[in-house]
Amino acid sequence: MIHQYKLGEYNIVLDTCSGSVHAVDEVAYEVIALFEGNSRDTVLSLVAEKFAGREDVTALDIEECYDQVVELKEEGKLFAPDNFAPMAGKLKEKTAGVVKALCLHIAHTCNLNCSYCFASQGKYHGERAIMSFEVGKRALDFLIENSGKRRNLEVDFFGGEPLMNFQVVKDLVAYARSIEKEKGKNFRFTLTTNGVLVDDDVIDFANRECENVVLSLDGRKEIHDRFRVDYAGNGSFDRIVPKFRKLVEARGGKNYYMRGTFTHANPDFLEDIKVMLDLGFNELSMEPVVCAPGDPSELTPEDMEIVKKQYEDLAFLMLEKDKEGKPFTFYHYMIDLTGGPCIYKRISGCGSGTEYMAVTPWGDLYPCHQFVGEEKFKLGNIWDGVTNTEAQCEFASCNVYAHPECRDCWARLYCSGGCAANAYHSTGSVTGVYKSGCELFKKRMECAIMVAVDRATREE
Amino acid sequence: MKHIKTINTKNLCESAKNGGCGECQTSCQSACKTSCGIANQQCENTQK
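Rules and cut-offs
Residues numbered from 1 in each chain as written. Chains lettered and ligands numbered in written order. Predicted model: local features only at pLDDT ≥ 70, side-chain atom pairs only at ≥ 80, totals over all residues. Helix = DSSP H or I, 4+ residues; strand = E, 2+ residues; numbered from the N terminus. Rg over C-alpha atoms; globule rule 2.2 N^0.38 Å. Buried ≥ 20, exposed ≤ 12 C-beta atoms within 10 Å, placed from the backbone. Contact = placed C-beta atoms within 7 Å. Pairing = 2+ DSSP bridges. Axes fitted to C-alpha atoms, helices over the stretch in contact; angles between N-to-C directions. Nonpolar A, V, L, I, M, F, W, Y, C, P; charged D, E, K, R; others polar. Parallel < 35°, antiparallel > 145°, perpendicular 65-115°, else oblique. Left-handed = near helix turned anticlockwise from the far one by under 90°. Core = buried A, V, L, I, M, F, W, Y, C linked by C-beta atoms within 7 Å. Right-handed = clockwise from strand over helix to strand, strands pointing away.

### Examining the overall build of chain A
Next, step 1: Helices and strands together make up the secondary structure of chain A, namely 16 helices and 15 strands.
Next, step 2: For chain A, whose C-alpha radius of gyration is 24 Å, the value lies close to the compact-globule estimate of 23 Å for 460 residues.
Next, step 3: Burial status across chain A gives 48% buried among its 460 residues.
Next, step 4: Of all intrachain contacts in chain A linking residues separated by at least 6 positions in sequence, the fraction that spans at least 24 positions is 67%.

As structure tokens, this is what we get:
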């Protein structure tokens, strides 16, 4: 299967199953489009007809181009068949029972009151609570006990606002560091914060201990302050931006994401990206809002068109900044064409509910942070392990071939079947398809690949 | 005249040979937390 598109100065052809990416001229673009299902003579004559009157396109050119396409097909770089379906369940089968990542819900409470919060202001539609050190310690032990031969173990401190329970965060990291060597493990911590409680102590801790920090900022002050307000209704922009700048400056090149959310209020989110850049941040992430259908912040069909255009303009801005020698990263465009994941990972789907789980302040296990509070998906707890094997099986069987809609999608090996939570919340099934999410994902991939093509071409 | 420029990419069929170690990051974890994409992940297989 192939996918062809034009973006910027490029005509791009993606070969889904080999992962090959080709930048082609307009003759090749037409030859490839006609290649399958037509004889050589038919392709040559249809393309010649298309370019009739163009002196720069000769019959010999078209023949030469056709032969190149044949050659690439023989090399398995065009029209490669999908032989991966039998491997789809293998990775999860092989790693059944192995857990390698936990999202610790350190605090089911928050010092901000953002109306668009998928976690209902950190409470996940339940009671306010904070995780005790004992629960957190047991969660880390559970992770080590169930991680098999995995060396890299990932732990996210998440909420609500995890810094509302900062001492426990620090104590858990100290505990993990005290045992990781003897257990043969390497803990990687991530802290997600709204910034309100960031101080020198937090900065020092985050930069010393956290592989990554995710800092919530929506961009323009008026956009940020529209949703990200405290309980008195005051916007948080002016309070958090100086703290984030200090944290990032002190980070010394370690990873971070300045992560924003765009909603119906700002489908023109590129303006927010530009504000982040002006503030000196250059590792950026901007996500479409996740909310219930009918929510006032939901993106409308008109917004979706604006958003798609924004993704294209963002790609062009990236190329412009590259040329100025001021590159920046955007989470969804960080595609590594030569060193990305292997085919097993690409077809196995998200690891939620199998290798990745969320732990509530009470020690309950859920397939991921987005399922917390959905009682039927409660998998068990950190003392007894997974007891709801029926729910876990649903997640274990979730791979790219489990979604009938994905079979004919060119982007399936870039998304791996999509987010189970988004699928569930939009269709009622974890093997469903969140259509508007797919639409945006495909646009992002086209843009990301165009940026990668441009960079690869310029490197040469 | 070369009409097609093939960009250097990972060969997905080849990656099946030594793949599936499971060391790479879980999809949206440590990052966006609200969408899934694996294209931007790094391979962490040390046995390749």
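### Notes on the overall build of chain B
Next, step 1: Within chain B, the secondary structure is distributed over zero helices and one strand.
Next, step 2: Relative to its 48 residues, chain B shows a buried fraction of 56%.

### Observations regarding the sheet that holds strand 2 (residues 10-15) of chain A
Next, step 1: Strand order in the open sheet made by the four strands is 1(A)-2(A)-3(A)-1(B), with antiparallel pairing throughout. Whereas interior strands pair on both sides, the edge strands pair on one side only; in this sheet they are strand 1 (2-7) of chain A together with strand 1 (4-7) of chain B. This sheet shows a mean twist of 25° between the axes of neighbouring strands, independent of strand direction.
Next, step 2: Across six bridges, the pairing between strand 1 of chain A and strand 2 of chain A is antiparallel. What sits directly across from Tyr5 of chain A, in strand 2 of chain A, is Ile12 of chain A.

### Observations regarding the interface of chain B and chain A
Next, step 1: Across the boundary between the two partners, chain B contributes 40 residues, which contact 72 residues of chain A.
Next, step 2: For the side of chain B that touches chain A, the residue count by class is 14 nonpolar, 21 polar and five charged.
Next, step 3: Note: strand 3 (residues 20-24) of chain A against strand 1 of chain B, four bridges, orientation antiparallel. Within the sheet, the bridge partner assigned to Val24 of chain A lies in strand 1 of chain B and is Ile4 of chain B.

### Some details on the packing of helix 11 (residues 301-323) of chain A against helix 16 (residues 435-459) of chain A
Residue and element names in this part refer to chain A.
Next, step 1: The interhelical angle for the contact between helix 11 and helix 16, taken along N-to-C directions, is 15°, at an axis separation of 10 Å. As far as their axial angle goes, helix 16 and helix 11 are roughly parallel. For the pair helix 11 and helix 16, the crossing hand works out as right-handed. Contacts between helix 11 and helix 16 pair Met304, Val307, Lys308, Tyr311, Glu312, Leu314, Ala315, Met318, Leu319 and Asp322 from the former with Ser436, Glu439, Leu440, Lys443, Arg444, Cys447, Met450, Val451, Asp454 and Arg455 from the latter.
Next, step 2: Classifying every residue of the contact of helix 11 with helix 16 gives 11 nonpolar, one polar and eight charged.

### Some words on the environment of Thr26 of chain B
Residue and element names in this part refer to chain B.
Next, step 1: Positionally, Thr26 belongs in the segment after strand 1.
Next, step 2: Judged by the 26 C-beta atoms lying within 10 Å of it, Thr26 falls in the buried class.
Next, step 3: Separated by 15 residues in sequence, Thr26 and Gln41 place their C-alpha atoms 9.0 Å apart.

### Observations concerning the nonpolar core
All names here are of chain A.
Next, step 1: By size, the foremost hydrophobic cluster in this structure holds 147 residues, and its most contacted members are Val31 and Leu104.
Next, step 2: Tallying contributions element by element places helix 16 first for this core, with 10 residues.
Next, step 3: Once residues within four sequence positions are removed from consideration, Val31 is found in contact with Val43, Val47, Ile62, Cys65, Tyr66 and Val69.

### Brief notes about the pairing of strand 9 (residues 255-262) of chain A
Residues and elements named next belong to chain A.
Next, step 1: Counting buried residues along strand 9, seven of its eight residues qualify, which places the element largely inside the surrounding structure.
Next, step 2: Judged from the five bridges that link them, strand 9 and strand 10 (residues 283-288) form a sheet pairing that is parallel. Bridge pairing in strand 10 places Met258 opposite Leu284.
Next, step 3: Between the parallel elements strand 9 and strand 10, the chain passes through helix 10 (residues 270-278) in a crossover that is right-handed.

### Quick look at the environment of Leu102 of chain A
All names here are of chain A.
Next, step 1: Of note, Leu102 is situated in strand 4 (residues 101-108).
Next, step 2: The exposure class of Leu102 is buried, given the 26 C-beta atoms found within 10 Å.
Next, step 3: Taking C-alpha positions, Leu102 is 15 Å from Gly148, a pair spaced 46 residues apart along the chain.
Next, step 4: Apart from the residues within four sequence positions on either side, Leu102 is in contact with Ala139, Leu143, Val155, Met357 and Val359.

### Regarding the environment of Gly325 of chain A
Next, step 1: The topology assignment puts Gly325 of chain A in the loop between helix 11 and strand 11 (329-330).
Next, step 2: Separated by 55 residues in sequence, Gly325 of chain A and Leu270 of chain A place their C-alpha atoms 20 Å apart.

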